[in-house]
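Residue strings, one per chain:
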Amino acid sequence: MLLDQRSRQGFPIKLLVACAIFISGLEVLSHHDYLPIIPWASLVSSGASLRPARDPPFTATGPGVEDHVWGLPPADHDISNPALLEAPQVLVSSPDTCAQALAVPKVALLFLTQGAMHHAEAWALWFASAAGHIPLANLRQAGCDAWHRSILGPLGACDSSVGPKEAAELDPEDIIGAQHLFSVYLHVPLDRDVLQVHPLFRKHLISRRTTTTWGSPTLSIAMRYLLWEAYRDPLNERFALVSESGLPIYSPVVFHQQLMAEQDSRVDGCKSESIPFERFVPAMESAALKRWHWRKTMQWFMLTRDHAGVVLEDTHVFRQFERYCFHDAVDDKGNRHFCLMDEHYLAVLFAVHGIQAATNCGARSLTKDDWTMGGSHPKTFRSHDVNPELIKWARSEEGIYIPKYGALTPPPFHCNHTAAILSANAAMGTLAGASVRQVCDRSGSGGMLDPLSSRCRLTVRKVAGDAASKAVELFKSCAPGLELVHPDLCQV
């Protein structure tokens, strides 16, 4: 009736319609992914010293925040300091001159920690065991006539190399640099005292860090910073996320050769009946990210270099998660979404890009956990649990069990660790003079011929800090079949 009156008075109907459409559009935008933006200049003036991100930072200030409406975080979810998502950068050459000269493909170990490294002493033994080892194929490529150190050539860059026993006697801060199979990167939360970092890892602390909280996107932000730093080294071909409560369950030789033999990432981008769609926050949906992309993997991943590049090039999917995915997200209908970015982001990103949509299904983690007790965290292994049986269990082919979602055990597969150990050792040479000279006389292709299934785990967690001495004792033991460290470092 009102419209008819205004029409008779000459009021432009088309203008009314246009206004209605405009107001409706504003209402739609307010329920989606548009948030107020703070300028980069304000971050700089507040003391931020890092370089700007490639997309504008955002904050959750503005009307409606206090009401906890659709897609907006609760009061304790701070998104006022978003991640800096810089494009990946690559150095001209690796800082490891020996590995660069021999073109050794390296595994980047990304330690995501809450502060203290529980098992630094055990890791020191493990890294020392890697000293002097070079893949046989790379030694052969260096030239079979260059075994004498006095001859100039690729091996000349490795003159200072030492073996496991000598490496173990070095100052802790020099042990990791004495080997050429692994690059190491450590993230410690900003609110922790870096002076308390164990000397073994002190040189490997990354400069860009954040304060981390369980159940929030900050864990994925820290992961991103670790990955960005590791990607800079052109020799890093595999990227493995490791916990401060984690321990390797194979020797460094097996660990390195196994990951180099795997052509896919350990991220499960496949569809599954067990995917918890109730964790998906509707506000996350966009033109590129849909509910059907929702996947679940595990936090402790392994990425190939190609896939690491995909992760570092992404901004949109990361921002959607960063804004809306947290452990107590509530939508406008009052529904809670137990969304954990560290368990979903990589798998969803893979689904968005169509990566590993039907391959390597079930290979969702590097780490063996015990979830049989239920809850949001796996069982913590104490001193009495740290023994050869723990390593054997971690090497077994049992699947994971998460009570709420049922057994996630993949199709039958076998972790033949005996064959894998023999195969890995056969593919590895050493920089010891006599052994280098014998390289050309050794048979074999130089690669790992009997790798494990990608569903077989390479680390175990959560091993408590009070079990550190037992872990060292276990590593030094020469228990049959373990071979966690080099025989020169075992104590009978």
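Residues numbered from 1 in each chain as written. Predicted model: local features only at pLDDT ≥ 70, side-chain atom pairs only at ≥ 80, totals over all residues. Heavy atoms only, no water.

1. Section: helix α18 (residues 468-476)
Then comes step 1: Inspection of α18 places A471, V472, L474 and F475 among the buried residues, and these make up the whole buried set. Seen end-on, α18 carries its buried residues on one side only, within an arc spanning 160 degrees. Opposite its buried face, α18 presents the exposed residues S469 and E473, each directed more than 90 degrees away.
Then comes step 2: Summarising the contacts, the buried residues of α18 are in contact with α5 (120-130), β5 (247-248) and α15 (388-395). (Buried < 20%, exposed > 50% of the residue type's maximum accessible area, 1.4 Å probe, protein only. Helix = DSSP H or I, 4+ residues; strand = E, 2+ residues; numbered from the N terminus. Arc of directions from axis to C-beta. Contact = heavy atoms within 4.5 Å.)

2. Notes on the packing of aromatic side chains
Then comes step 1: Applying the stated criterion to the full structure yields 16 aromatic pairs.
Then comes step 2: Between W123 and W126, the ring centres sit 5.2 Å apart and the planes meet at 80 degrees, which makes this aromatic pair edge-to-face. One end of the pair, W123, and the other, W126, are both in helix α5, 3 residues apart, so they sit about a helical turn from each other.
Then comes step 3: Grouping aromatic residues by their ring pairs yields a cluster made of F111, W123, W126, F127, F182, F201 and F255.
Then comes step 4: Across the ring face of Y250, the terminal group of R395 is positioned such that the distance to the ring centre comes to 4.4 Å. (Phe/Tyr/Trp six-rings, centres within 6.5 Å; stacked < 30°, edge-to-face > 60°. Lys NZ or Arg CZ within 6 Å of the ring centre and 35° of its normal.)

3. What to know about the confidence of the model for the chain
Then comes step 1: Confidence in the prediction for the chain averages 79 pLDDT; 74% of positions are at 70 or higher.
Then comes step 2: Contacts for the low-pLDDT stretch residues 1-77, under 50 throughout, to residues beyond four places or in other chains number 102 contacts.
Then comes step 3: A low-confidence stretch, residues 400-408 (pLDDT under 50), is modelled with 22 contacts involving residues beyond four sequence positions or located in other chains. (pLDDT = per-residue confidence, 0-100.)

4. Some words on the environment of Q258
Then comes step 1: Mapped onto the elements of the fold, Q258 is located in helix α11 (residues 252-261).
Then comes step 2: Overall, the relative accessible area of 0% leaves Q258 in the buried class.
Then comes step 3: Those residues in contact with Q258, other than ones at most four positions away along the chain, are R266, M448, P451, L452, S453 and L458.
Then comes step 4: Polar side-chain contacts of Q258 include one of 2.7 Å to the backbone nitrogen of L452. (Polar contact = N/O pair within 3.5 Å; in protein donor to acceptor, adjacent residues only side chain to side chain.)

5. Considerations on the side chain of H133
Then comes step 1: Mapped onto the elements of the fold, H133 is located in strand β2 (residues 133-135).
Then comes step 2: H133 sits in the buried class, given a relative accessible area of 10%.
Then comes step 3: Excluding residues within four positions of it along the chain, H133 makes contact with P164, L181, V253, M428, G429, T430 and H486.

6. Thoughts on the state of the cysteines
Then comes step 1: Under the criterion given, the structure shown has 4 disulfides.
Then comes step 2: Across the disulfide, C325 is cross-linked to C339 (sulfur-sulfur distance 1.9 Å). Disulfide C325 to C339: torsion about the S-S bond roughly -100 degrees, handedness left-handed. Pair noted here: C325 is in the loop between α13 (316-324) and β7 (329-330) and C339 is in the loop between β8 (336-337) and α14 (341-353), with a separation of 14 residues, a long-range link.
Then comes step 3: Owing to a relative accessible area of 0%, C339 belongs among the buried residues under this scheme.
Then comes step 4: Two residues, C415 and C456, share a disulfide whose sulfurs are 2.0 Å apart. On the S-S bond that ties C415 to C456, the torsion sits near -105 degrees, and the link is left-handed. Pair noted here: C415 is in the loop between β11 (406-407) and α16 (417-426) and C456 is in the loop between α17 (433-437) and β13 (459-460), with a separation of 41 residues, a long-range link. (Disulfide = S-S within 2.5 Å.)

7. Structural notes on the packing of helix α10 (residues 218-231) against α14
When two helices pack together, their arrangement is given by the angle between their axes and by how far apart the axes lie.
Then comes step 1: Contact pair α10 / α14: the axes reach a minimum separation of 8 Å and the direction vectors enclose 55 degrees. Here α14 runs oblique to α10, going by the angle between their axes. Counted together, L219, S220, M223 and R224 of α10 and M341, D342, Y345 and L346 of α14 form the full contact between these two elements.
Then comes step 2: Taken together, the residues of the contact of α10 with α14 sort by class into 5 nonpolar, 1 polar and 2 charged. (Axes fitted to C-alpha atoms, helices over the stretch in contact; angles between N-to-C directions. Parallel < 35°, antiparallel > 145°, perpendicular 65-115°, else oblique. Nonpolar A, V, L, I, M, F, W, Y, C, P; charged D, E, K, R; others polar.)

8. Focus: unusual backbone geometry
As a rule of thumb, non-glycine residues mostly have phi less than zero, and peptide bonds are mostly trans rather than cis.
Then comes step 1: With omega at 0 degrees, the peptide bond leading from R461 into K462 counts as cis.
Then comes step 2: The phi torsion at A103 lies on the positive side, around 55 degrees, for a residue other than glycine.
Then comes step 3: Examined against the element boundaries, A103 turns out to sit in the loop between α4 (97-102) and β1 (106-112).
Then comes step 4: If you check the backbone angles, Q356 has positive phi at about 50 degrees while not being a glycine.
Then comes step 5: Relative to the elements of secondary structure, Q356 occurs in the loop between α14 and β9 (367-368).

9. Some details on the packing of α13 against α14
Then comes step 1: Close contact between α13 and α14 brings their axes to 10 Å; oriented N to C, the two are set at 150 degrees. With respect to α14, the axis of α13 lies roughly antiparallel. The two elements α13 and α14 cross, and the hand of that crossing is right-handed. Of α14, the residues touching α13 (which contributes V317, F318, F321 and E322) are M341, H344, Y345, V348, L349 and V352.
Then comes step 2: Taken together, the residues of the contact of α13 with α14 sort by class into 8 nonpolar, 1 polar and 1 charged. (Left-handed = near helix turned anticlockwise from the far one by under 90°.)

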